[in-house]
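Fold and contact review
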Amino acid sequence: IVKATHCFKTKRPIGDSMEREDELILTFWGYHGTLAENAKKIKQEKDFKCKHNPYHWLGNGVYFFIDDPDKAIWWAKQANAKKHKKQQIAYIRCYIQLLKKELLNLDIERDRLRIDKFFKDFHNTKVICQDDSKSPEKYRTRVLDFFIKRGAYKAVKYTFSNTKITYENINYDISPESDLYLRNNDCQLAVFEQSVIDFSELRIYEITESLGEVYYE
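Residues numbered from 1 in each chain as written. Predicted model: local features only at pLDDT ≥ 70, side-chain atom pairs only at ≥ 80, totals over all residues. Heavy atoms only, no water.

**Re the pattern of salt bridges**
Scanning the model with the defined rule gives ten salt bridges in all. Two residues, Glu109 and Arg112, come together in a salt bridge whose shortest N-O distance is 2.7 Å. Of the two residues, Glu109 and Arg112 both sit in helix α3 (residues 109-124), three residues apart, roughly one turn of that helix. Accessibility expressed as a relative area gives 34% for Arg112, which makes it partly exposed. (Salt bridge = Lys/Arg side-chain N within 4 Å of Asp/Glu carboxyl O. Helix = DSSP H or I, 4+ residues; strand = E, 2+ residues; numbered from the N terminus. Buried < 20%, exposed > 50% of the residue type's maximum accessible area, 1.4 Å probe, protein only.)

**Notes on helix α1 (residues 36-45)**
Among the residues of α1, those classed as buried are Ala36, Ala39 and Ile42. One face of α1 carries all of its buried residues, which in axial projection span an arc of 120 degrees. Residues Glu37 and Gln44 are exposed on α1 and point more than 90 degrees away from its buried face. Those residues of α1 hidden inside the fold are in contact with β2 (25-35), β4 (89-99) and β8 (197-208). Positive backbone phi, at 55 degrees, marks Lys46, one or two positions downstream of α1. (Arc of directions from axis to C-beta. Contact = heavy atoms within 4.5 Å.)

**Considering a nonpolar patch on the surface**
Together, Ile165, Tyr167, Ile170 and Leu182 make up an exposed nonpolar region whose accessible area comes to about 350 Å². The topology assignment puts Ile165 in the loop between β6 (155-162) and β7 (184-191). (Patch = residues over 30% accessible without salt bridge, like charges linked within 9 Å, V, L, I, M, F, W, Y side chains within 5 Å. Areas by Shrake-Rupley, 256 points an atom, 1.4 Å probe, with all protein chains shown as cover.)

**Considerations on the environment of Gln194**
Its location among the elements puts Gln194 in the loop between β7 and β8. Residues Gln194 and Ala155, 39 residues apart in the sequence, show an inter-C-alpha distance of 9.2 Å. Aside from chain neighbours lying at most four places away, what touches Gln194 is Asp47, Phe48, Val62 and Phe199.

This is the structure:
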């Protein structure tokens, strides 16, 4: 779960020409929710252990919430509610930096059209496992993973939206179908190449019922 700040840093012009837009450097603060003991291990080993999941919505990577530590806390509680209910949870803040061409940004039209065309071409080749064809979600993850590797992308970004949280006061008497309706959004970043994470800037914040949010170094 990662927090990302939309800061764009451009290198100085080389000679009289500006660098290509694809060479722009993008930086994010990402937040990742997990158990406190896992967070300490990640910091110590400088490595996120990513478990393969055939239903990962943005492919198989390490997931962060951008600029949203509260979503990281929520996820840590949801993910560990059954098996690790009594264990302490935490969130990790990471500094992430990569080139624009290394990010598949599904929040912009160009990248959405690019991957949609790839899915169409891939589907037409009939290169589909029988099991995957029965599960649209599993099929999408499989093709997305293939597209990411083929395009040498190091991360994928997308903002999900739903109405699970209603914000009744600001949305008073406004239809959920309206463009003005304030939705429950979460901007997520799935990282596939951990070299884009600056582990020296990694910080851990433990969550306790009595003290609330506690910084742990």
